[in-house]
Amino acid sequence: PLDVRLESGALRLRPDGPTLGLGSSAPVTVALLAALGRVASVEPGLAEALELHRRLQGGRGSGVDVGASHEGGLLRYALARDGAASIERLAWPEGLHLGVVFTGHAVKTTDFLDRLAEARASRPDRVQACLEDLCEGAGEAAASFQQTNVERVLEAVDRYRERLDELGRTIGAEILSRPHRTLATLARDSGAVYKPSGAGGGDVGVILADSQRNLEGALDIARRGGFKPISATVDLQGVLVVET
């Protein structure tokens, strides 16, 4: 018999507040699986975590949040047609600065997935073209990170946000909601770039800049605009079982 307690309060602004949209189901799944593995004297890997999370979500989702939670660090994540995931660890480019901002309201990724499924059924060609464009944009971003080219990273992220906006218009979902558009403008005015994190719509977004000064300027303007910067960094460790 086990007494299992799951606690994800750190992923909220306050215990009774909204989630920040940092993908709490993924780290909770990864942590629980790792802990149960320790009890059973086995070491479940990423493939097992992806399969479990996929089953819990009815087969939907890419699993990229599971990969990030399990492995930590900066990753190039690719999903094959058969559902197998491949991960390549990348180095964070020197001179690239990251900030995270909460838009003020949470959204359900499943709602956007439903919209996407409906649009793929009714206008498959248009949706497929958008998805292929997003894949191309993701490849451009990955290449710029691999080259540790800060200028190209910022350009790729900026273009990717525009591609997300096009997908949103195509499927009838506000991926780039008004708060996201406002934050993108505020970041641009400070010499930085911005994109929604995850499915967009609400939750958090990321600001990237080529200097700490530009990043702080963008975060300060966002704060004065009523948004909430979140103290977050890139965790290099990934899942870690600590026995007490």
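Everything below is about the structure shown above.
Residues numbered from 1 in each chain as written. Predicted model: local features only at pLDDT ≥ 70, side-chain atom pairs only at ≥ 80, totals over all residues. Heavy atoms only, no water.

### Concerning the packing of helix α4 (residues 109-122) against helix α5 (residues 124-146)
Running from N to C, α4 and α5 cross one another at 125 degrees; their axes reach a closest spacing of 6 Å. Considered as vectors, α4 and α5 are oriented oblique to each other. Seen from α4, the contacting residues are L116, A119, R120, A121 and S122; seen from α5, they are P124, V127, Q128 and L131. Of the residues assigned to the contact of α4 with α5, the class counts are six nonpolar, two polar and one charged. (Axes fitted to C-alpha atoms, helices over the stretch in contact; angles between N-to-C directions. Helix = DSSP H or I, 4+ residues; strand = E, 2+ residues; numbered from the N terminus. Parallel < 35°, antiparallel > 145°, perpendicular 65-115°, else oblique. Contact = heavy atoms within 4.5 Å. Nonpolar A, V, L, I, M, F, W, Y, C, P; charged D, E, K, R; others polar.)

### A short note on the layout of surface pockets
Estimates place the volume of the second largest pocket at around 260 Å³. What lines the second largest pocket is a set of 13 residues, among which A34, V42, E43, P44 and V241 lie closest to the centre. (1 Å grid on protein atoms, 1.4 Å probe; cavity = no way out; pocket = protein on both sides within 12 Å on 5 of 7 lines; lining within 4 Å. Points joined across faces, edges and corners; volume = space filled by probe spheres on them.)

### Considering the pattern of salt bridges
When the charged atoms of two side chains lie near each other, side chains of opposite charge can form a pair. Counting across every chain of the model gives 13 salt bridges. One salt bridge in this structure joins R54 and E51, with 3.9 Å as the shortest N-O distance. Of the two residues, R54 and E51 both sit in helix α2 (residues 46-56), three residues apart, roughly one turn of that helix. Overall, E51 belongs to the partly exposed group, its relative accessible area being 38%. Taken together, the shared-partner salt bridges in this structure form one network comprising D133, E140, R159 and R163. (Salt bridge = Lys/Arg side-chain N within 4 Å of Asp/Glu carboxyl O. Buried < 20%, exposed > 50% of the residue type's maximum accessible area, 1.4 Å probe, protein only.)

### A look at helix α7 (residues 178-189)
With twelve residues, α7 extends 17 Å between its outermost C-alpha atoms, agreeing within 8% with the 16 Å of an ideal straight helix rising 1.5 Å per residue. Every buried residue of α7 is accounted for by P179, H180, L183, A184, L186 and A187. Relative to the axis of α7, the buried residues are bounded by an arc of 165 degrees and lie together on one face. Relative to its buried face, α7 has exposed residues pointing more than 90 degrees away, namely R178 and D189. In this structure, the buried side of α7 is in contact with β3 (97-102), α6 (150-171), β4 (193-196), β5 (204-209) and α8 (212-224). Backbone geometry just downstream of α7 places G191 in the positive-phi region, at approximately 80 degrees. (Expected span 1.5 Å × (residues − 1). Arc of directions from axis to C-beta.)

Just geometry here; none of it tells us what the structure is for.
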